[in-house]
Amino acid sequence: QVQLAESGGGVVQAGGSLRLSCAVSGRTSNISMVGWFRLSPGKEREFVAGISWSYGITFYEDSVKGRFILARDNAENTVYLQMNNVKPEDTALYYCAAFQGPGNTYGAKDFGSWGQGTQVTVTG
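Keep in mind it's a predicted model, so treat the numbers as computed, not measured.

A. Quick peek at the state of the cysteines. What the rule picks out here adds up to one disulfide. Between the sulfur atoms of Cys-22 and its disulfide partner Cys-96 the distance amounts to 2.1 Å. On the S-S bond that ties Cys-22 to Cys-96, the torsion sits near 75 degrees, and the link is right-handed. Here Cys-22 is found in strand β3 (residues 18-26), whereas its partner Cys-96 is found in strand β9 (residues 92-99), with 74 residues between them in sequence.

B. Structural view of the packing of aromatic side chains. Taken as a whole and judged by the stated rule, the model has eight aromatic pairs. Ring centres of Phe-47 and Tyr-106 lie 4.4 Å apart, and the angle between their planes is 15 degrees; on these two criteria the pair is classed as stacked. With Phe-47 in strand β5 (residues 46-52) and Tyr-106 in the loop between β9 and β10 (113-114), this pair connects stretches of sequence that are 59 residues apart. A relative accessible area of 8% means that Phe-47 is categorised as buried. Residue class for Tyr-106 comes out partly exposed when judged on its relative accessible area of 46%. Between the aromatic rings of Phe-59 and Tyr-106, the centroid separation amounts to 6.0 Å while the plane-to-plane angle is 65 degrees, which identifies the pairing as edge-to-face. With Phe-59 in strand β6 (residues 58-60) and Tyr-106 in the loop between β9 and β10, this residue pair connects regions lying 47 residues apart in the sequence. Through successive ring pairs, a cluster of aromatic residues spans Phe-37, Phe-47, Phe-59, Tyr-95, Phe-99, Tyr-106, Phe-111 and Trp-114.

Cut-offs and rules
Residues numbered from 1 in each chain as written. Predicted model: local features only at pLDDT ≥ 70, side-chain atom pairs only at ≥ 80, totals over all residues. Heavy atoms only, no water. Disulfide = S-S within 2.5 Å. Helix = DSSP H or I, 4+ residues; strand = E, 2+ residues; numbered from the N terminus. Phe/Tyr/Trp six-rings, centres within 6.5 Å; stacked < 30°, edge-to-face > 60°. Buried < 20%, exposed > 50% of the residue type's maximum accessible area, 1.4 Å probe, protein only.

This is the structure we're talking about:
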């Protein structure tokens, strides 16, 4: 019912910037929140940032606060993750996902729709 497609990943030097895109389609009216998650080597899948679909309220994991910025293009149903001052530990496969339940959540298992992921590699 909801489809998501990430793009924009690539290789970037530490301290640089990168913008990821998540195109959302389908029954978007059912979405409560769109979140970004990442899967890094040796780490579990973790919440990075999220935006409430109806109100545009954003949420950030502590390690990316002040560096990453979420924005939504309502006309295009696209969520952008602007990654600034990236660090080697930001290297991961980044996913966007949609939570269709009420309220907000950071839990990956609560998000029912997922994109295929886009790889971000930060070099030192």
